[in-house]
Amino acid sequence: MRALIWDVDGTLAETERDGHRVAFNQAFEAEGVPWRWDASHYGRLLSVTGGFERLMHDMASRIEAPLAIAERELLARRLHRLKNMLYAQIVASGGIGLRPGVRELMDDCSAAGVRMAIATTTSRSNVEALLGAHFGPYWEARFDAVLCGEDAPRKKPDPQVYALALERLNLAAGEVLAIEDSSPGVQACVRAGVPVIVTRSVYFAQAEVDGALAIGPDLASGGDWQPAASLVKSAGRIDLAQLRAWAAGR
Ligand code: XBP
Ligand code: MG
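Residues numbered from 1 in each chain as written. Chains lettered and ligands numbered in written order. Predicted model: local features only at pLDDT ≥ 70, side-chain atom pairs only at ≥ 80, totals over all residues. Heavy atoms only, no water.

Visitor: Can you explain the site of ligand 1? Please cite residues and give values.
Guide: The full set close to ligand 1 counts 19 residues, and Gly51, Lys83, Thr120, Thr122 and Ser123 are the nearest of them. Gly50 places a polar main-chain atom, nitrogen or oxygen, 2.9 Å from an oxygen atom of ligand 1. Taking 450 Å² as the accessible area of ligand 1 by itself, protein coverage stands at 96%. For the shell around ligand 1, the secondary structure elements donating two or more residues are helix 1 (15-30), helix 3 (51-59) and helix 4 (69-92). Of all the elements, helix 4 adds the most residues to the shell around ligand 1, at 3 residues. Within the shell around ligand 1, the residues separate by chemical class into 2 nonpolar, 11 polar and 6 charged. (Near = heavy atom within 4 Å. Polar contact = N/O pair within 3.5 Å; in protein donor to acceptor, adjacent residues only side chain to side chain. Areas by Shrake-Rupley, 256 points an atom, 1.4 Å probe, with all protein chains shown as cover. Helix = DSSP H or I, 4+ residues; strand = E, 2+ residues; numbered from the N terminus. Nonpolar A, V, L, I, M, F, W, Y, C, P; charged D, E, K, R; others polar.)

Visitor: Account for the nonpolar core, naming residues and giving values.
Guide: Of all hydrophobic cores here, the largest spans 59 residues; its most connected members are Leu4, Trp6, Leu12, Phe143, Ile197, Leu219 and Leu243. In terms of residue count, the dominant contributor to this core is helix 4 (8 residues). Shared between two domains, this core takes at least three residues from each, and those domains are domain 1 (3-14 + 97-247) and domain 2 (16-92). Discounting chain neighbours no more than four positions away, the residues touching Ile197 are Leu177, Ala178, Ile179, Glu180, Leu213, Ala214, Leu219, Trp225, Leu243 and Trp246. Counting 25 residues, the second-largest nonpolar core is a separate cluster that includes Ala117, Val176, Ala188 and Val196. (Core = buried A, V, L, I, M, F, W, Y, C linked by side-chain atoms within 4.5 Å. Buried < 20%, exposed > 50% of the residue type's maximum accessible area, 1.4 Å probe, protein only. Domains from an automatic or database assignment. Contact = heavy atoms within 4.5 Å.)

Visitor: Describe in detail the packing of helix 7 (residues 160-169) against helix 8 (residues 183-192), supporting the description with residues and values.
Guide: At their nearest, the axes of helix 7 and helix 8 sit 8 Å apart, and the two run at 55 degrees to each other. Judged by the inter-axis angle, helix 7 sits oblique to helix 8. Crossing handedness for the pair helix 7 and helix 8: right-handed. Residues Tyr162, Ala163 and Leu166 of helix 7 lie in contact with helix 8, whose contacting residues are Gly185, Ala188, Cys189 and Ala192. (Axes fitted to C-alpha atoms, helices over the stretch in contact; angles between N-to-C directions. Parallel < 35°, antiparallel > 145°, perpendicular 65-115°, else oblique. Left-handed = near helix turned anticlockwise from the far one by under 90°.)

Without other data, these values stay purely geometric and don't point to any function.
And the structure:
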């Protein structure tokens, strides 16, 4: 395993319910749009990846939304841009912490010379806001490749973002491991041939996930993984040695 590829939303941090969703609602209010997205409706909308695409999908069943498709697209673009600005403010104010065990696993990689990359469907500005808030202005130095929604317009479950990450890292799929939280993310990995482990996020706590090497709760909990995290003592965290063991089928 020569590189670890991180998903962002749901994997690095629980950004969806308390970040993107809240910012979408703030944008609706600011633009005088009459609907709001509650936590359970937003959970259903997450099957559509990409904030702009999610807005378009939701508007298709709203009688209050503009009828003409061009007008609807204009509104979605405006709302999406504003949502991302508001999301950056939430994140910059320290509103969303990293998930447990993320920072430690990143430090393992740095110490062991395992390269890291980001492969996400979210906009680059959102990645910059989140990682800048947690790792400071030079956060990008930690990663050999950062691929976002603008780089891979065919969003997960399409494998495009993972194919690009492999190309950028100049590695074969069998030389990397990805970490995802959601079923569309895992499907993208499987279709790119990239081995993946899943740290379930709140919205995908019960989701059916096929094709992952291992599935479990957060990276700070060694218990409740499937298959078991055999190298980790029950109170311990998921470390690089455990990832290597799963990757080797142990
Ligand atoms: C998750 C997504 C994103 C975010 C919102 O991406 O589907 O669309 O919900 O971000 P991932 P944008 O788990 O791959 O990080 O509004 O910028 O699309
Ligand atoms: Mg995700």
